[in-house]
Amino acid sequence: MHADHFLDIVPMRYALKYGDRTNARKPLLYLPPGGLEMLRGLVSAFARESGDFLGDVFDVRTYDPSAPLHVGDMVVRFAPTSHYIATFAIRFEAASASVTYSADTAPDERVVALASGTDAFVCEATLSADGEAELPRGHLSAREAGVMAKRANVRRLLLSHYPAAADVGTLETDARAAYAGRIDVVDDGFRIEL
Ligand SMILES: [Zn+2]
């Protein structure tokens with residue numbers, strides 16, 4: 001797990017432990033294999049607090065990326081991606097709606113297959129130009145995200161995980177070169193209804 005994808009678990013833990021609550025339920029926290037050891041290692045560096053840092057507020061579980069995961073009425077499926085460490089793209093299906101999140105990946109047919117026909121494809125667009133100088137690759141440009149969206153025949157594409165200084169219009173134009181469906185360049189607080 002790379003820290004840009006999970007470090008906000010720490011402030012969330014404090015919000016759940018000390019913030020206003022209307023119930024004492026513990027949110028489910030699903031981690032990839034090895035994730036709990038990673039988080040335990042991280043929190044071991046903090047000043048000691050009584051209790052179980054994570055377990056007191058989260059219902060911590062580990063998912064098996066090789067099998068569908070059932071969470072309430074939702075089915076969650078995984079596919080390995082092309083990244084520098086073990087990483088999984090995730091597809092969520094509930095009722096008639098589906099969302100696939102690419103996670104961090106270079107162009108990868110396994111992610112295309114997972115996203116096939118999905119209503120909303122949230123795809124990373126880390127690179128400002130196609131390709132990477134060094135191998136192995138681990139990320140996509142916005143145009144490559146558009147290619148993935150086209151190949152997966154998704155209903156709409158949401159570009160995410162792009163450089164903070166990136167121009168939103170350029171990201172959309174680059175993805176549009178490959179993908180004809182609706183494109184949104186998303187940021188914090190973006191909401192969609194499916
Ligand atoms: Zn990342």
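None of the values given here were measured: they were computed from a predicted structure. (Residues numbered from 1 in each chain as written. Predicted model: local features only at pLDDT ≥ 70, side-chain atom pairs only at ≥ 80, totals over all residues. Heavy atoms only, no water.)

1. Brief notes about the coordination of the zinc ion
Six octahedral donors at a metal ideally form angles of 90 or 180 degrees, and four tetrahedral donors ideally form angles of 109.5 degrees.
Piece 1. Protein-derived coordination of the zinc ion comes from D4 (OD), H5 (NE2), D104 (OD) and H161 (NE2), at a distance range of 2.1 to 2.2 Å.
Piece 2. Coordination at the zinc ion comes from four donor atoms whose angles at the metal span 90 to 161 degrees, giving a geometry best classed as irregular.
Piece 3. Read N to C, the donor residues that coordinate the zinc ion are spaced as D-H-x98-D-x56-H. Of the two residues, D104 sits in the loop between β6 (97–101) and α3 (109–115) while H161 sits in the loop between β8 (156–160) and α5 (168–176), which places them 57 residues apart along the sequence. (Donors = N, O, S within 2.8 Å, 3.2 Å for Na, K, Ca; no water. Tetrahedral: all angles 85-135°; square planar, octahedral: opposite > 155°, others 65-115°. Helix = DSSP H or I, 4+ residues; strand = E, 2+ residues; numbered from the N terminus.)

2. Some points on the domain arrangement of the protein chain
Piece 1. The assigned domain composition of the protein chain is domain 1 (1–62) and domain 2 (65–185).
Piece 2. Placing a centre on the C-alpha atoms of domain 1 and another on those of domain 2 gives a separation of 26 Å.
Piece 3. Taken together, the contact pairs eight residues of domain 1 with ten residues of domain 2.
Piece 4. The junction of domain 1 with domain 2 conceals about 610 Å² of combined surface from both sides, 68% of it contributed by carbon and sulfur atoms.
Piece 5. A per-residue breakdown of the area domain 1 buries against domain 2 is headed by H2, H5 and Y30, which together make up 65% of the total.
Piece 6. The tally of links between domain 1 and domain 2 comes to zero salt bridges. (Domains from an automatic or database assignment. Contact = heavy atoms within 4.5 Å. Buried area = accessible area lost by both parts, 1.4 Å probe. Salt bridge = Lys/Arg side-chain N within 4 Å of Asp/Glu carboxyl O.)

3. A look at the packing of aromatic side chains
Piece 1. A complete count under the given rule lists five aromatic pairs for this structure.
Piece 2. An angle of 80 degrees between the planes, with centres 6.2 Å apart, marks the rings of Y63 and F88 as edge-to-face. A residue pair is termed long-range when its members are at least 10 positions apart, and Y63 in the loop between β2 (59–62) and β3 (69–71) and F88 in strand β5 (residues 88–94) qualify at 25 residues.
Piece 3. A network of ring pairs unites the aromatic residues Y14, Y18, F46 and F53 as a single cluster.
Piece 4. Directly above the aromatic system of F53 lies the positively charged group of R13, at a separation of 3.9 Å from the ring centroid. (Phe/Tyr/Trp six-rings, centres within 6.5 Å; stacked < 30°, edge-to-face > 60°. Lys NZ or Arg CZ within 6 Å of the ring centre and 35° of its normal.)

4. Some words on the layout of surface pockets
Piece 1. Of the volumes computed, that of the largest pocket is approximately 1000 Å³.
Piece 2. Taken together, 30 residues line the largest pocket, and the ones lying closest to its centre are H5, Y30, Y63, I90 and Y101.
Piece 3. Of the residues belonging to the lining of the largest pocket, the class tally is 23 nonpolar, four polar and three charged.
Piece 4. The two domains that each donate at least three residues to the lining of the largest pocket are domain 1 (1–62) and domain 2 (65–185).
Piece 5. What lines the second largest pocket is simply Y101, V122, S160, H161, Y162, P163, A164, V186, D187, D188, G189 and F190.
Piece 6. Its residues assigned to classes, the lining of the second largest pocket shows seven nonpolar, three polar and two charged. (1 Å grid on protein atoms, 1.4 Å probe; cavity = no way out; pocket = protein on both sides within 12 Å on 5 of 7 lines; lining within 4 Å. Points joined across faces, edges and corners; volume = space filled by probe spheres on them. Nonpolar A, V, L, I, M, F, W, Y, C, P; charged D, E, K, R; others polar.)

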